[in-house]
Amino acid sequence: MGSHLCDRLVSAGNDVVCVDNFYTGDKRNITHLLTESNFELIRHDVTFPLYLEVDQIYNLACPASPVHYQYDPVQTTKTSVHGAINMLGLAKRTGATILQASTSEVYGDPEVHPQPEHYWGKVNPVGVRSCYDEGKRCAETLFFDYWRQHRVEIKVARIFNTYGPRMHPDDGRVVSNFIVQALQAEPLTVFGDGSQTRSFCYVDDLVEGLIRLMGSRTDFTGPVNLGNPGEFSMLELATEVIEQTGSRSATEFKPLPQDDPQQRRPDIDLAKNELGWEPAIPLTDGLTRTIDYFRRIL
Ligand code: UDP
């Protein structure tokens, strides 16, 4: 997502400093920007302080795939919590507006459906997903405390499952897994019975939402849901991927991971009203573009 955001910001003529520790990011996704005079790259981990002069900060730092964020859960919490403290400190010193990439995971395994922003969620504080969920929840707390206590200008986006070109083939999340498996004629690994749902947003739509949120009126902080309300079961997703790739792959059922949310769909009324934003790219079109990408790189 970061590389797509950089593309948009650079082409709009902004001076962009891209900060990445390359834990899950791939340098090849931004190589084409390195020759642009208004783009700079710094290898840095946000769990350490950063001194720069900036007027806007998009804090997207944190592995987002369950496989990756559970690999080193302590570091995951540090990335969200220490990372938020460091970036909020930077915003406070420079007077920058700071946007936090929060997540639908703050709703946990939700009992309210679809999820509006005022729903507080149902999150296990001690499970395998907690490093991500609680880390992101604590980051939201820090954002609102810096806003109340230090008047830092904040914007909090709750991002629902986002996909698109430049995802890593080994990302581990469902859209890239299914596409890669289908293209390699391997079975599609459906966890549980595949009835659980997600709402998938194409990356271009999401980036548009982030940019609009950054440009929103000063007193609008969010949290605001950004996602595509189209809701699909994992079996429906598998069927669509097999159809679009023309793959011979079958589906293979695997155990459902612990605390895997059963359903998820954003209520996006607030984003519509405040940002005039809603996704334009339906799953079927987004999948076509993403499949094209994976065909090229595999
Ligand atoms: N999933 C699946 N097969 C996979 C990877 C994921 O069936 O190979 C399921 C997973 O159990 C979850 C959904 O797809 O119910 C979305 O998982 P993902 O890791 O993409 O994101 P999450 O929304 O769970 O963070």
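Just above sits the structure.
S.K.: Give me the lowdown on the sheet that holds strand β5 (residues 154-159), citing residues and values where you can.
M.R.: An order of β3-β4-β5-β10 is seen for the four strands of this open sheet, with the pairing classed as parallel. In this open sheet, the two edge strands, each paired with only one partner strand, are β3 (56-59) and β10 (224-226). Within the sheet, the average angular offset between the axes of one strand and its neighbour, ignoring direction, is 25 degrees. Note that strand β4 (residues 97-103) and β5 share six bridges and pair parallel. Counted as the bridge partner of L99 is K155 from β5. Against the sheet, helix α3 (residues 73-94) makes contact with β3, β4 and β5, and its axis sits at roughly 170 degrees relative to β3, the strand it touches most.

S.K.: Can you lay out the pattern of salt bridges for me, pointing to particular residues and giving the numbers?
M.R.: All chains considered together, the criterion is met by 17 salt bridges. Note that R129 is salt-bridged to D260, the shortest N-O span being 3.9 Å. Of the two residues, R129 sits in the loop between β4 and α4 (130-150) while D260 sits in the loop between β12 (251-254) and α8 (269-275), which places them 131 residues apart along the sequence. The partner of D260 in a salt bridge is R198, and the shortest N-O contact between them spans 3.1 Å. Residue D260 is located in the loop between β12 and α8, and its partner R198 is located in strand β8 (residues 197-199); the two are separated by 62 residues in the primary sequence. This pair shows no difference in class: D260 is buried, exactly as R198 is. Within this structure, E105, R129, R198, D260 and R264 form a network of salt bridges that share partners.

S.K.: Lay out helix α1 (residues 2-11) with the relevant residues and their values.
M.R.: Within the span of α1, buried status applies to S3, H4, L5, C6, L9 and V10. In the core, the buried residues of α1 are packed alongside β1 (16-20), β2 (39-43), β3 and α6 (203-214). Just downstream of α1, G13 is the residue with a positive phi angle, here 90 degrees.

S.K.: For the packing of helix α5 (residues 174-183) against helix α9 (residues 283-297), give the residues involved together with the corresponding values.
M.R.: For any two helices packed against each other, one specifies the crossing angle of their axes together with the interaxial distance. Between α5 and α9, the least distance of the axes is 10 Å, while the angle of their chain directions is 55 degrees. Considering their axes alone, α5 and α9 lie oblique with respect to each other. Our pair here, α5 against α9, has a crossing hand that is right-handed. For the pair formed by α5 and α9, the contact residues are V175, S176, I179, V180 and L183 on the first element and L287, T290, I291, F294 and R295 on the second. For the contact of α5 with α9, a count of residues per class yields seven nonpolar, two polar and one charged.

S.K.: So what's going on with the site of the ligand? Which residues, and what values?
M.R.: Near the ligand there are 18 residues, and of these V174, T189, R198, D260 and R264 occur at the shortest range. In this structure, an oxygen atom belonging to the ligand sits 2.8 Å away from a main-chain N or O atom of V174. One nitrogen or oxygen atom from the side chain of N177 is found 2.8 Å from an oxygen atom belonging to the ligand. Elements that contribute at least two residues to the shell around the ligand include exactly α5 and β7 (188-191).

S.K.: Summarise the environment of Q263; cite the residues concerned and give the values.
M.R.: Within the secondary structure, Q263 is located in the loop between β12 and α8. Looking at Q263, the relative accessible area reads 25%, which means it is partly exposed. In the structure, Q263 is positioned 82 residues away from Q181 in sequence and 24 Å away in space, judged by C-alpha atoms. Those residues in contact with Q263 that sit more than four places away from it in its chain are D109, P110, H113, Q115, T197 and E231. Among the polar contacts listed, one links the side chain of Q263 to the backbone oxygen of P110, at a separation of 3.4 Å.

S.K.: Go over the side chain of S102, please, and point to the residues and values.
M.R.: Mapped onto the fold, S102 is located in strand β4. There is a polar contact of 2.5 Å between the side chain of S102 and the side chain of E140. Discounting residues that sit within four places of it in the chain, S102 has contacts with K136, E140, V156, A157, R158 and I159.

Definitions and cut-offs
- Within every chain, residues take consecutive numbers counted from 1 along the sequence as written.
- Per-residue local features of the predicted model are confined to residues with pLDDT of at least 70, and side-chain atom pairs are confined, for both listing and counting, to 80 or more; whole-chain, interface and lining totals are unaffected and use all residues.
- Just so you know, side-chain values use all the structure's heavy atoms and leave hydrogens and water out.
- Strand pairing is assigned whenever DSSP detects at least two bridges linking the two strands.
- Per the convention used, a helix needs a DSSP run of H or I reaching at least four residues, while a strand needs a run of E reaching at least two, with both numbered from the N terminus.
- Every axis in this analysis is a line fitted to C-alpha atoms, fitted for helices over the stretch in contact. Angles between the N-to-C directions lie between 0 and 180 degrees.
- The contact criterion used throughout is that any non-hydrogen atoms of two residues lie within 4.5 Å.
- Salt bridges are counted wherever a side-chain nitrogen of Lys or Arg sits within 4 Å of a carboxyl oxygen of Asp or Glu.
- Each residue is assigned to one of three classes by its accessible area relative to the maximum for its type, calculated with a 1.4 Å probe on protein chains only: buried under 20%, partly exposed between the two thresholds, exposed over 50%.
- By the definition adopted for this analysis, an angle is roughly parallel if under 35 degrees, roughly antiparallel if over 145, roughly perpendicular if from 65 to 115, and oblique otherwise.
- The sense of a crossing depends on the near helix, which, turned anticlockwise from the far helix by less than a right angle, makes the crossing left-handed and, turned clockwise, makes it right-handed.
- The residue classification treats Ala, Val, Leu, Ile, Met, Phe, Trp, Tyr, Cys and Pro as nonpolar and Asp, Glu, Lys and Arg as charged. All others, Gly included, are polar.
- Distances are taken per atom, and a residue is near a molecule or strand as soon as one of its heavy atoms is within 4 Å of it.
- For this analysis, a polar contact is any N or O atom pair within 3.5 Å, provided that within protein one partner can donate a hydrogen and the other can accept it, and provided that sequence-adjacent residues contribute only side-chain to side-chain pairs.

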